[in-house]
Each structure stands twice: as structure tokens, then as C-alpha cells.
Amino acid sequence: MAKNRIKNNHGISSKLSTPIMLSVILVLVGYFIWWLNIPFVQDIYTSAAITLVMVLGFQIFNGNSGILSWSYVGFVGIGAFSSAIFSMTPQMKSMQMPEMYPFLVNIHVPFVVALILGAIVAAIIAAVVAWPMMKISDDAGAITQFALLIVIHVILAQWSKVTNGPRTFTLGGQTLTTIWVAMISGVVVLFIAYFFKESSLGLKLRATRDDRYAACSSGIDMVKTRYLSYIFSAAIGGFAGGLYSHYILSINASAFYMTLLFNLLSMAVIGGKMSVSGAFFGTILLTLARQGLRQIEPVLTNMGVNASGSTEIIVAVLMIVFLVFRANGIMDRYELSPSSLKSLFSRKKKAEKKSA
Amino acid sequence: MENKSFLEVKSICKSFGSLKAVNDVSMRIETGEILGLIGPNGSGKSTFINLITAMLKKDSGSVMLDGVDLSSMPAHKVPKNGLARTYQTVRLFKNLTCRENLIIGAIGVGISQKEANKIADELLEEMGLAEKADSFVENLTFSEQRFLEISRALACKPKFVLLDEPAAGLNEEETQHMLDLLKELPAKKHIGILIVDHDMHLIMTLCDKLHVLNYGQTIAEGKPEVVRANPEVVKAYLGSTAE
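Residues numbered from 1 in each chain as written. Chains lettered and ligands numbered in written order. Predicted model: local features only at pLDDT ≥ 70, side-chain atom pairs only at ≥ 80, totals over all residues. Heavy atoms only, no water.

(A) Layout of the pattern of salt bridges. Residues and elements named next belong to chain B. What the rule picks out here adds up to 25 salt bridges over all chains. Taking the shortest distance from any N to any O, the salt bridge between Glu8 and Arg28 comes out at 3.5 Å. Residue Glu8 is located in strand β1 (residues 6–16), and its partner Arg28 is located in strand β2 (residues 19–30); the two are separated by 20 residues in the primary sequence. Taken together, the shared-partner salt bridges in this structure form one network comprising Glu126, Glu184, Lys188 and Lys189. (Salt bridge = Lys/Arg side-chain N within 4 Å of Asp/Glu carboxyl O. Helix = DSSP H or I, 4+ residues; strand = E, 2+ residues; numbered from the N terminus.)

(B) Spatial organisation of the sheet that holds strand β3 (residues 34–38) of chain B. Residue and element names in this part refer to chain B. Pairing within the open sheet is mixed, and its six strands lie in the order β6-β7-β8-β3-β9-β10. Across the chains shown, the open sheet's two edge strands, defined by having one partner strand only, are β6 (83–85) and β10 (217–222). Each strand axis lies, on average, 20° off the axis of its neighbour in the sheet, ignoring direction. Pairing between β6 and strand β7 (residues 160–164): three bridges, direction parallel. Each residue of the ladder has a partner; that of Ala84, found in β7, is Val161. (Pairing = 2+ DSSP bridges. Axes fitted to C-alpha atoms, helices over the stretch in contact; angles between N-to-C directions.)

(C) Representation of helix α7 (residues 138–158) of chain A within the structure. Residue and element names in this part refer to chain A. Compared with the 30 Å implied by 1.5 Å per residue over 21 residues, the 31 Å span of α7 between its first and last C-alpha is a close match. Taken as a whole, α7 has its buried residues at Gly141, Ala142, Gln145, Leu148, Leu149, Ile152, His153, Leu156 and Ala157. Within α7, the buried residues cover an arc of 160° as seen down the axis, which keeps them to one side. Across α7 from its buried face, at more than 90 degrees, point the exposed residues Asp139, Ile143 and Gln158. (Expected span 1.5 Å × (residues − 1). Buried < 20%, exposed > 50% of the residue type's maximum accessible area, 1.4 Å probe, protein only. Arc of directions from axis to C-beta.)

(D) Region of interest: the layout of surface pockets. Residue and element names in this part refer to chain A. Counted as a void, the second largest pocket has a volume near 540 Å³. Lining of the second largest pocket is provided by 22 residues; of these, Ser47, Thr51, Tyr244, Asn263 and Arg294 occupy positions nearest its centre. At the level of elements, α2 (39–65), α12 (222–248), α13 (258–271) and α14 (276–302) are the ones that each hand at least two residues to the lining of the second largest pocket. Examining the composition of the lining of the second largest pocket, we find that eight residues originate from one element, α2, more than from any other. (1 Å grid on protein atoms, 1.4 Å probe; cavity = no way out; pocket = protein on both sides within 12 Å on 5 of 7 lines; lining within 4 Å. Points joined across faces, edges and corners; volume = space filled by probe spheres on them.)

(E) Fine view of the packing of aromatic side chains. Using the criterion set out here, one finds 19 aromatic pairs over all chains in the structure. Taking the centre distance of 6.2 Å and the plane angle of 80° together, the rings of Tyr101(A) and Trp159(A) count as edge-to-face. Of the two residues, Tyr101(A) sits in the loop between α4 (90–96) and α5 (102–105) while Trp159(A) sits in the loop between α7 and α8 (160–163), which places them 58 residues apart along the sequence. Members of the aromatic cluster, connected to one another through ring pairs, are Phe81(A), Phe169(A), Tyr244(A) and Phe256(A). Here Arg85(B) stacks its cationic end above the ring of Tyr87(B), 4.0 Å away from the centre of that ring. A cation over a ring is seen here: Arg152(B) above Phe93(B), with NZ or CZ 4.7 Å from the ring centre. (Phe/Tyr/Trp six-rings, centres within 6.5 Å; stacked < 30°, edge-to-face > 60°. Lys NZ or Arg CZ within 6 Å of the ring centre and 35° of its normal.)

(F) View of the domain arrangement of chain B. All names here are of chain B. The domains assigned to chain B are domain 1 (1–82 + 158–243) and domain 2 (92–157). The gap between the C-alpha centroids of domain 1 and domain 2 is 24 Å. Both faces considered, domain 1 and domain 2 share a buried interface measuring about 1400 Å² in area, 73% of it formed by carbon and sulfur atoms. Summed over the three residues of domain 1 that lose the most area to domain 2, namely Pro158, Leu181 and Lys189, the buried surface amounts to 32% of that side. At the junction of domain 1 and domain 2, the tally comes to two salt bridges. With a closest N to O distance of 2.8 Å, Lys189 and Glu126 form a salt bridge. Across the contact surface, domain 1 and domain 2 share three residue pairs in polar contact (both at pLDDT 80 or more). (Domains from an automatic or database assignment. Buried area = accessible area lost by both parts, 1.4 Å probe. Polar contact = N/O pair within 3.5 Å; in protein donor to acceptor, adjacent residues only side chain to side chain.)

(G) Unusual backbone geometry, seen in detail. Located in the positive-phi region is Asp138(A), a residue other than glycine, with phi close to 55°. Within the secondary structure, Asp138(A) sits in helix α7. Despite not being glycine, His190(B) shows a phi value in the positive range, around 55°. Take His190(B): it is sitting in the loop between α5 (172–189) and β8 (192–196).

(H) Helix α15 (residues 310–325) of chain A, seen in detail. Residues and elements named next belong to chain A. Over its 16 residues, α15 runs 22 Å from end to end, which matches the ideal 22 Å to within 8%, given 1.5 Å per residue. Those residues of α15 lying buried are Thr311, Val315, Met319 and Phe322. The arc that holds every buried residue of α15, seen down its axis, measures 75°, which confines them to one face. Exposed side chains of α15 directed beyond 90 degrees from the buried face belong to Ile313, Ile320, Val324 and Phe325. Contacts made by the buried residues of α15 are with α13 and α14. (Contact = heavy atoms within 4.5 Å.)

(I) Representation of the sheet that holds β1(B) within the structure. Residue and element names in this part refer to chain B. Within the open sheet, the four strands sit side by side as β2-β1-β4-β5. Their pairing is antiparallel. Each having just a single partner strand, β2 and β5 (68–69) make up the two edges of the open sheet. Here β1 runs beside strand β4 (residues 60–65); their pairing, made up of five bridges, is antiparallel. Counterpart to Leu7 in the pairing with β4 is Leu65.

(J) Representation of the interface of chain B and chain A in the model. Listed by partner, the interface residues are 32 residues for chain B and 28 residues for chain A. Both faces considered, chain B and chain A share a buried interface measuring about 2800 Å² in area, 54% of it formed by carbon and sulfur atoms. On the surface where chain B and chain A come into contact, there are three salt bridges. Between Arg333(A) and Glu138(B) there is a salt bridge; the shortest N-O distance is 2.8 Å. Secondary-structure elements contributing two or more residues to the side of chain B that touches chain A are α2 (98–107) and α3 (113–126) of chain B.

Okay, here's the thing in C-alpha cells:
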């Protein structure tokens, strides 16, 4: 009887449908913007795609573990600086950062290798510091994360021989993170984040998020599960940081602190932090909202209203509104897929029938 | 012929300060058996359960499952060594689908994801939850949630299952349904069941043996009809409700 048959929706095709659909959107929009050939719009797209990679890396741990990982942006910073050190020519380094350790000055590898090394450096540092933190949950967990972010931030801001300290770190040369690099990275990391979530490790991490006692009595080693996931998330963060530094070309430690964290958090929360699609749509929505609001700010200022900073206020209020009325964000626990679209439409039809 | 497994609790003790919550309790259960653990509130049942699943560290004694001491390993290794449990206050993964809840049960003990998928679908079918496979837990009735939690415990292919008040909060019809299910589980899954419940009807009909605790100590054990007639049990637990 059909009633008892289980719909088999864990086949390969349906597993792929979410990242494929999201990638198609990302690529089509990217092509269109490239074709438009307006530098200002291309810049918005490129930085949005980089931000998407950051939000996805954030979602990997934050969304699936339920622990607010403040320290994530610190690892973005670590990746940003270290990949830049790896990719810059020795001449450029000795010119821009005369104080830098000689052994760092002499390293020089191709851009793509530098991005991967940036991710690896972030992962190694996460692996060294994270184990004891993974035992702590809830508020205490978030506080230790916050403390770690401060440690990373101060080191990035003060270690003159590596990061040029409080001065700006200038990469020089040309923008290596082009619109294409950003787009391809976005697509690759969409797949990575989705497959992580569906992987054995991702499932276990989500189980510890929902109920750590039940996870334990299902055989899950919570500390190990969190630890591996955290390292993985830090690696993606480091990679994203490398994309960022090779796009913006001059960085300093404050770029990887509260402002960035708030930016990523607002995207994850509003989009829906439990879902990869949520991270995706949150990034798009917030990028558009911020751009729109930024255009309005000077107009208002010209009209005699001092509106500087109002963008941040509006985004913050929006986040509060979401947390109050739809705490799990736009996408909640759902992913974009043919079956979720179908059920959305059938629900709408049902609602229409009811009201009719 | 499959081999029988044995779960043997030997003189386990646990104190909280000066209170001896569990004092020198021993019991033994084998594959195919249903053992009922009863006792008044505060008699040490919950502590006992947490001790044998290693959620609490024992003071002394041991919990041997086929020669391996469960009580001295980290709690998350217990299911892999053959003992799974459920909770009195149903603990499910609320943001995961029913199928995913069961998959967790299997992959938690190292079963591959592919195999876990198969196990999950089979269990959903057996428990009559197939239709809700892709629903989130909140869309299940309370009794369906209890069945799902038991399924999750079974998904790790345990040798023994510990059920903490599986009939709590169920109405008469649902309790009967639960009873029918539990009755056939030991033979079907080749497991032993340790069950804690307040529902005397359920306990008396279901269990092959009973074990009664009071003030952390064993006051009686044996066949249900024998235990029921024990005056100390009547006094301590069954009181005037004993028929």
C-alpha cells in the first residue's frame, strides 16, 4: 500500500539539489552582473560572494552546533593575514613591512596555494586552542568564544613582525580575488557547507545542538564532534579571509572584529542559521539591504537629517525583530529543494482554499 | 543459534554527600528477558539508571556486559558496547527529521551512513512511523515520540535496552500499544530489556522478573507474582493499591 511506503528522498540527486539550485542562482546573477559591466555593481557582487563564503564557514559551526562562535572572525583574520604573507613577493613585503621576520619575507607561493595555506594556518591554530573550549556549552561556551576572539584580535593588532601591528597591512599589486574567483569559491563552499551538514560529522554535531544528553546516549562524543567541526569551520573562515585580503588589498586587525562579526551574525540569523540556504539568502538580503540603506544615508544627510550610522541601527533592529518573531530566520530548518518548494506551494494553496 | 548476552550489575554504590542513593545493588539480565525495575519515588531508580549507563560515575561496583565494564567508560561509549537507553522526559533531536533521529542512533556507534539509512527506514516501517519519516519531531503525537525514541535506541543494534518510564504520559490505548510492542521486542531484536515504570499493569504483564528498590537498596527480586506478594514490597511501594 502506498500509505506505508517511505518516500526515498535521500538519493544522490536530491542530496545535490540544494547546493545546485543555490549555485545556479549565484552563477546566473554573477554572469548577468559581469555582462552589465558596471564596476560598482561588480564590486558589490564580488564582496557579497566573499561574504557568502564567510557566512557559510560561520554556519558550519555556529549553525550546526548552536554555540555562538565569536572567535570565527578571528580565524577569518588569521587566514587573511597569513595568505597575504604567503602570496606577496619578498620585495613587496620588505618594502611594505620592513619589520617582518625575514623567514616570512622570503616565502612566496602562487595565489591559490596561498589561499589554501591560509585556511590551513587557521585550522592549525584552531586545533591547538579549541579542545578545552569544546567541553563548554551555552552561555559559558559563548563567553569563552568571546574571550578567544579578544586574544586573537590583540595578537593580530600588535604583532608587528607578522601583521604590521596597528598599522595598515598593504598587499600591493593587483586584485587577485576577481569576480570569477569569488564566484567559484562561493559555489565550492556552498557544496562544502551542504555536504558537511549532511555528513556523518554534521549530523552528529546537529544532534549535540538539539540535545546533548540524547546525543551522548546515542554514542556521540560531543567534545570530539565539536572539535573537528570547529577546526573545519575555522579552515573555511581562513580561506574566506584570504579571499577578502586579496580583494580589498589593505587590511588591519580591526577589519576582523565586532563589525564583521555583527555583519555575519545578522546574515546568519535573518537568513536562518540552521540552514545553508538560510546563510545564502541571508547574505543576499542583507547585502542588498545594506547597499540600499547606504545610498539613502547621504540623501538624508543632504536634506539636513544626520543619518550617518543609521544603516547599522536598522540592521540591528531587523535582527531583533527576527529573533522575536521568527527566531530561526527566514529558512528555519529548511533547505531550498524541489520538494521544499513543492510543499511551500501546496501549503499556500491549502491556505487559499481555507480562506475561500 | 545466536549467543546469549549477559548484563550483570555487581554491588554498585553511589553516594551524594552522606546520602547513599544506591547502596550495594546487584542484578542480572540476559538476552530475551524483560526485567522490571520498580520502587517508590526517591528510591534510587534514576540514579541506578544513570550509573549503569555511565552518565553518573559510580563509587564502587561494576556493570559488566559480556565481560566489559560499562560503568568505568565514558558515557558515549556505552551504546557502542551494547547498552542503549531512553529518557523519562522524551529526549529527541527536535530540529532533525524522524529519519535523521534514527540515523543518528546508528552512526553514533560507528555504523556507516548508508547502512544507517537502511536501518532507519526499516525501523520507521516497523514502528508505523513511515509516513512521518521526513517530519520534524514536533509534528508527532506524544506516543509517536516515545516510539521514535525507542526506535533510536534500537538503531544502534544494542544487546540491551534500558527504557525509563516508556508509558509515562500515554493513555490507556497507547499504553496497550506500547505493551504489545515491547512484548515482542526481545525475541524479534534478540535483546534484553530493562524497564522502569510506575504503571503496575504494564510492569506486571510485561516483565519476566522484577527488581524492587527502596532507599537505594534491593528489597525484593524475582518473578512478578512472588514479588507482588512480598509484604515488604507491599508496604514500601504497592501499598493499598496492590490487588
